[in-house]
Amino acid sequence: MSRQDTDDRKSTDDRKSTDGPLQNGQRPGSERAQGGIDGEALVEIDGLTKIYDPGGADVLAVDGLDLDIGHNEFVCLLGPSGCGKSTVLECIAGYLGPTEGEVRVDGERVRDPDPSRGVVFQENRLFPWKTIGENARFGPQMRSAVDDDRIEELLGDTGLDGFEDAYPHELSGGMQQRAELVRLLANDPDIMLMDEPFSGLDAMTKELMQEMLLDIWEEESRTVLFITHDVEEAIFLADRVVVMTARPGEVKEVIDVDLERPREFDMVTTEEFTSYKERAIDLIHDEAERAMAQAEGQ
Amino acid sequence: MDASRWAKRATSIAGLLTAWFLLAAVGPELLPGPAATAASFAEQVQQSSYWDAVVASTVRVWMAFVIAAVLAVPIGLLIGWNAMVGDFVFPPLELLRSSPPIAWIAFTILVVPTATLGLPVIGIIEVENIVFIAFLGAFFPILLNTIEGVRGIDEEFSRAAASLGAASWQTFRHVIYPGALPSIHTGMIVGMGLAWVNLVAAEMTGVGGLGFLTWSAFTGGSYPVIIVGMVSIGALGYLSSAIVRRAGISQIPWQETQAA
């Protein structure tokens, strides 16, 4: 329990120290928001269809989904559980091949996992047999290109300095998620694919993690695809919220979120934020009902 | 562990000794009591034949265990990791496993030669054919636990490794092997126990060691020596398992430690 306490305090202190320079520095946020629309897309998904075959009964998970994600864009995929959000992510990551359609990243068709496409998993997938430091070095170590200064900087930025020699199970949930983020960033991916990474955290830790993620995203040029079923989280984080239908997953509507950056958590009570939220809730409500009916029918 | 638990354990062992004492006093005429056994033990430890038997059994069991581990772990990792290797290698092993090691004793004594191995550093060692029986006891639990260990690793760890740029062999080295270690460790503890079980049975056929010491005490009618043999085998078995357990725990420091 005392670990958890230090954890929270640490991250709050840390935030104060890193927030300052960020707020004063340039904010390329508005540029980024348009990046996806004007610029050339980093990720192009054309007619993605995925049929699962669990024991003969074909299940259509995703049906002809089209989506482009621009360079340095922050896109949230929002949808009810079981709508095929994770399937889309797994196809971009290269874990699954599409049944029909195509996923291209940087113009190249995705066939296998690649370090340019980093993944953060819902339940953290730090290697339990490696220390936090070893986990953080894992990606660069595979290419024999470990940059210790960079690792230390990342661990410091996320309030994990001093925990290098700890094993993942010795850390709180929030710290584990931060360590997984460090492991990903140390590998310098072009796109970060995040599958409900904060859904297992308590509300307070979740808010802090969201702010930390935005800090990192605003500081370094990154493209993020973030999956969530949490409407508020999606609007708070994203340049664009892609609302998905219940299974089979398709794009129901795309919401451009023009909230100014950097975003702070008190923003969620503003009128502007609330109107985005109402719109998203309206869109997702019918889909959630359909998803629930599907689940009960099974 | 706290003192009260030790006290409880000591009490229960004292209870066993008391029951033995009472049973020997009132029970079957031929059952030696603790005192007679202790006297016999004191006598045995002064004889070189006893120590020869101790050394013979210990060397055999460790040879069997080490050879089993060296073969079973890599084979198990490959079978668990690669479905094609599994399909080719596993079925014949399953067939061989269907006969318990003790059923192999006659075959082993007649057919399996005593092997001479030239090893780097260690030099030339002779592996008696009887070691094969103990080897069979250790090999299969280590193999099966290794395979299970690999198959029990969540696929997302391999995916995470691939997305961080690990090549296939790097995933094997950094995910599959360490991920399977806890289960390999369990297999080794079980394997060491079964190596003893099967060795003792095999030794009773007349090839020396503590198994033979115990069996010849039976044919010679020296009842306290039978119990000395039983206790010696038990103590050495316990010690061997403790060594394997300890050595294993040092290899998996990331596991939350459990009480011994």
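Residues numbered from 1 in each chain as written. Chains lettered and ligands numbered in written order. Predicted model: local features only at pLDDT ≥ 70, side-chain atom pairs only at ≥ 80, totals over all residues. Heavy atoms only, no water.

A.B. asks: Please explain the state of the cysteines as it appears in this structure.
C.D. replies: Each disulfide consists of a covalent bond between the sulfur atoms of two cysteine residues. All names here are of chain A. This structure, assessed with the given rule, holds zero disulfides over all chains. Here C76 stays free of any disulfide, with the sulfur of C83 as its closest cysteine sulfur at 13 Å. Judged by relative accessible area, which is 0%, C76 ranks as buried. For the unlinked cysteine C91, the closest cysteine sulfur is that of C83, found at 13 Å. With a relative accessible area of 2%, C91 lands in the buried category. (Disulfide = S-S within 2.5 Å. Buried < 20%, exposed > 50% of the residue type's maximum accessible area, 1.4 Å probe, protein only.)

A.B. asks: For this particular structure, what's the right way to read the sheet that holds strand β3 (residues 74-78) of chain A?
C.D. replies: Whenever strands of a sheet pair, they do so through backbone hydrogen bonds, lying parallel or antiparallel. All names here are of chain A. Sheet architecture is open: six strands sit in the order β6-β7-β8-β3-β9-β10, paired in mixed fashion. Strands with a single pairing partner mark the edges of an open sheet, and in this sheet they are β6 (117-120) and β10 (251-256). Averaged over all adjacent pairs, the angle separating strand axes in this sheet is 20°, with direction ignored. In the packing of helix α3 (residues 85-93) onto the sheet, contacts are made with β3, β6, β7 (191-195), β8 (223-228) and β9 (240-244), and the angle to β7 comes to roughly 150°. (Pairing = 2+ DSSP bridges. Helix = DSSP H or I, 4+ residues; strand = E, 2+ residues; numbered from the N terminus. Axes fitted to C-alpha atoms, helices over the stretch in contact; angles between N-to-C directions. Contact = heavy atoms within 4.5 Å.)

A.B. asks: Any chance you could explain the environment of C91 of chain A here in plain terms?
C.D. replies: Residues and elements named next belong to chain A. For C91, the position within the fold is in helix α3. In sequence terms C91 and E102 are eleven residues apart; their C-alpha atoms lie 9.0 Å from each other. Beyond its immediate chain neighbours, meaning those up to four positions away, C91 contacts L48, L96, P98, V103 and V110.

A.B. asks: Teacher, can you tell me more about the sheet that holds strand β5 (residues 108-109) of chain A here?
C.D. replies: Residues and elements named next belong to chain A. Strand order in the open sheet formed by four strands is β2-β1-β4-β5, with antiparallel pairing between adjacent strands. Two strands in the sheet have a free side with no partner beyond their single neighbour: β2 (59-70) and β5. The pairing of strand β4 (residues 100-105) with β5 spans two bridges and is antiparallel. Bridge pairing in β5 links R104 to R109.

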